[in-house]
Amino acid sequence: MLFLGGIYAWSIFIPGLQTDFGFSASQTQWIFGSVIATFTTSMLVADKLVHRIGYRYLLMLTGLLFGAGYLLASLSGGNFWLIWAGIGIISGVATGFGYMLSLTTAVQRLPDKKGLVTGIVSAGFGGGSIVLTIWGEWLLNAGYNVLQLFLWVGLIYGGLIFIIAFIIPVKGHTAKTAETVSRISDRKLPLMFLSMLMGTFAGLMVIGNIKLMGGTAFTSSQLSWAIVLFSAANFGGRLAWGLISDRVSNVILLPAALLIQGVATYWLGNSTVTIHQFYILVVLVGFGFASNFVLLAKEVAHVYGVQNLGRYYPFIFLGYGLAGVLGPVTGGYLFDLYHNFTLASNISLLISIAGGGLFLMATLPVKNRVCSKVGSS
């Protein structure tokens, strides 16, 4: 998860793509948004593939695809479509496979600590950009260009994921299992999908455009630290929300977290701030953003059962994939149009509030429909 989550450091690649290869802000965000969209879509097939080829082989495939995507981007010569295909599609598929494998296996091993376990595992993804931002900026400052950085990410990260496949302990699968699935009204799935979409919109808009949001007021180094702080808040927030959620209801936590995220995003786009105020606002956005991945995953496990997390959560996670396109691209497009983030930040506040409201609707009690189902594993 730590290696896969490096995509949140995407902002460090943007200046090189714009300066050396003439990318527009919206083009850079199409690549970032495509990673998120492909990553969430590929989770839909990960649960089926793991039962066909096994956990270890699917994780090996994850490493190979992740490395291949970045290697293609490094050999692109700065061609937009090759970078988009390599990072946005190929590595995006790998990210979805690895994310689902990590999350579902851990929660199934410790079902009594769903909140804490989800927080710990997803924190790895949230913290990935801390490592890549520091390492990537060091390479860029040492004279490497963005394509060379893609090469090193592909070789090292892809290689390490592949090696982990041989080390990580894997539980065997039974041939057939009979299970009773509690179907808590079809209404809950689309509402949680929309809550994920709206709850992650603002955070993805910010993390995809942090260096542009800082503009010329701050140095590149200062803005790189903003990425690190967002990632640290995203990392720590997942741990914190996971721990708190085992004691406090999600009904209170998620709307509150999304309100924090939305208000902080609003102030980022509507006020002139010092670098320290910028850092504080970025941390608040990252902390609120982190709540989505812990609290919604826990809610799915609670409603549909831990054993069905891999079956239902990918559908809700598609909302994050759609937000991965809409959030960053909306921010980049409106910046290209108006040369500021005022309108994008205003929209993000309203969408965050709506996401919290939809989650409240999803948690309203409804009549259960219980059906027996035989699943193969």
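Each remark here, short or long, concerns the structure printed above.
First, a word on scope: everything that follows refers to the structure included in this document. (Residues numbered from 1 in each chain as written. Predicted model: local features only at pLDDT ≥ 70, side-chain atom pairs only at ≥ 80, totals over all residues. Heavy atoms only, no water.)

Some details on helix 7 (residues 188-214)
Okay, step 1: With 27 residues, helix 7 ought to run about 39 Å at 1.5 Å a step, and its terminal C-alpha atoms sit 38 Å apart, in line with that.
Okay, step 2: Where helix 7 bends most, at Gly 208, the angle is about 60 degrees.
Okay, step 3: By the criterion of burial, helix 7 is predominantly enclosed, with 23 of the 27 residues buried.
Okay, step 4: Positioned one or two residues after helix 7, Gly 215 has a phi angle of 55 degrees, which is positive. (Helix = DSSP H or I, 4+ residues; strand = E, 2+ residues; numbered from the N terminus. Expected span 1.5 Å × (residues − 1). Bend = angle between axes of the 7 residues up to and from the residue. Buried < 20%, exposed > 50% of the residue type's maximum accessible area, 1.4 Å probe, protein only.)

A look at unusual backbone geometry
Okay, step 1: You will see that His 339, though not glycine, has its phi angle at about 65 degrees, which is positive.
Okay, step 2: Topologically, His 339 is positioned in the loop between helix 11 (309-338) and helix 12 (342-362).

Some details on the nonpolar core
Okay, step 1: With 108 residues, the main nonpolar core has Trp 10, Phe 150, Phe 278, Tyr 313 and Tyr 320 as its most contacted residues.
Okay, step 2: Sort the elements by how many residues they give to this core and helix 10 (residues 275-304) lands first, with 17 residues.
Okay, step 3: Setting aside residues up to four positions removed in sequence, Trp 10 forms contacts with Leu 17, Thr 28, Gln 29, Ile 31, Phe 32, Ile 87 and Phe 150. (Core = buried A, V, L, I, M, F, W, Y, C linked by side-chain atoms within 4.5 Å. Contact = heavy atoms within 4.5 Å.)

So, the packing of aromatic side chains
Centre-to-centre distance and the angle between the planes together describe a pair of aromatic rings.
Okay, step 1: If you walk through the whole model with that rule in mind, you get 30 aromatic pairs.
Okay, step 2: An angle of 55 degrees between the planes, with centres 4.9 Å apart, marks the rings of Phe 317 and Tyr 320 as tilted. Taken together, the residues Phe 317 and Tyr 320, both in helix 11 and 3 residues apart, mark about one turn of the helix. Note on accessibility: Phe 317 and Tyr 320 belong to one class, buried.
Okay, step 3: Aromatic rings pair up to connect Tyr 8, Phe 39, Tyr 99, Phe 125, Phe 230, Phe 289, Phe 293, Tyr 313, Phe 317 and Tyr 320 into one cluster. (Phe/Tyr/Trp six-rings, centres within 6.5 Å; stacked < 30°, edge-to-face > 60°.)

Overview of the packing of helix 7 against helix 12
Okay, step 1: In contact at an axis separation of 8 Å, helix 7 and helix 12 are set at 155 degrees when each is read in the N-to-C sense. If you check the angle between helix 7 and helix 12, you find them roughly antiparallel. Here helix 7 and helix 12 pass one another in a crossing that is left-handed. Here Lys 188, Leu 191, Met 192, Leu 194, Ser 195, Met 198, Gly 199, Phe 201, Ala 202, Met 205 and Met 213 of helix 7 lie close against helix 12, whose contacting residues are Ala 344, Ser 345, Ile 347, Ser 348, Ile 351, Ser 352, Ala 354, Gly 355, Leu 358, Phe 359, Met 361 and Ala 362.
Okay, step 2: Grouping the amino acids of the contact of helix 7 with helix 12 by side-chain chemistry returns 16 nonpolar, 6 polar and 1 charged. (Axes fitted to C-alpha atoms, helices over the stretch in contact; angles between N-to-C directions. Parallel < 35°, antiparallel > 145°, perpendicular 65-115°, else oblique. Left-handed = near helix turned anticlockwise from the far one by under 90°. Nonpolar A, V, L, I, M, F, W, Y, C, P; charged D, E, K, R; others polar.)

Remarks on the pattern of salt bridges
Okay, step 1: This model, assessed by the stated rule, comprises 2 salt bridges.
Okay, step 2: Across the pair Lys 298 and Asp 246 runs a salt bridge, and its minimum N-O distance is 3.6 Å. Note that Lys 298 is positioned in helix 10 and Asp 246 in the loop between helix 8 (220-245) and helix 9 (250-270), a separation of 52 residues in sequence.
Okay, step 3: Looking at Asp 246, the relative accessible area reads 32%, which means it is partly exposed. (Salt bridge = Lys/Arg side-chain N within 4 Å of Asp/Glu carboxyl O.)

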